[in-house]
Amino acid sequence: MSEPQKITYRVYCYDAVLKNVEVDSIEAASDEEAIAIATAAGFCTKTEIWDGRRLVAQLDGERRQA
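Parameters at a glance
Residues numbered from 1 in each chain as written. Predicted model: local features only at pLDDT ≥ 70, side-chain atom pairs only at ≥ 80, totals over all residues. Heavy atoms only, no water. Helix = DSSP H or I, 4+ residues; strand = E, 2+ residues; numbered from the N terminus. Buried < 20%, exposed > 50% of the residue type's maximum accessible area, 1.4 Å probe, protein only. Contact = heavy atoms within 4.5 Å. Areas by Shrake-Rupley, 256 points an atom, 1.4 Å probe, with all protein chains shown as cover. Core = buried A, V, L, I, M, F, W, Y, C linked by side-chain atoms within 4.5 Å.

Some thoughts on the overall build of the chain
Scanning the chain for helices and strands turns up one helix and four strands. Counting from the amino terminus, the chain carries its helices and strands in the arrangement β-β-α-β-β. Across the 66 residues in the chain, those meeting the buried criterion constitute 29%. Long-range pairs, those at least 24 residues apart, make up 32% of the contacts in the chain with a sequence separation of at least 6. For the chain, the exposed surface amounts to about 4700 Å²; the carbon and sulfur share of it is 50%.

Notes on the side chain of Thr-47
Structurally, the position occupied by Thr-47 is in strand β3 (residues 46-51). Residue classification places Thr-47 among the buried positions, given a relative accessible area of 4%. Contact partners of Thr-47, with chain neighbours within four places excluded, come to Val-11, Tyr-12, Ala-57, Gln-58 and Leu-59.

With respect to the nonpolar core
Across soluble globular proteins, nonpolar side chains show a tendency to be buried alongside one another. Counting residues in each nonpolar core, the largest one holds 12 residues, listed as Tyr-9, Val-11, Cys-13, Ile-26, Ala-28, Ala-34, Ala-38, Cys-44, Ile-49, Val-56, Ala-57 and Leu-59. Those elements that provide at least two residues to this core are β1 (7-14), β2 (20-28), α1 (31-41) and β4 (54-60). With residues near it in sequence (within four places) discarded, Leu-59 still touches Ile-35, Ala-38, Thr-39, Thr-45, Lys-46, Thr-47 and Ile-49.

Printed below as a string of structure tokens:
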């Protein structure tokens, strides 16, 4: 069997006053996987995940400290 094709999602991170502070990308096979990756990474205070022009999810949470 072949692996599912990966989609490159853009991840926009915002700080506490909702200013864009960082843009990153992740690869995932589905929206659900992209959300799980972003959630586990704990990117920012507020995170938006985009697939092209489509908003996949908005996540609110605290940035994790390493």
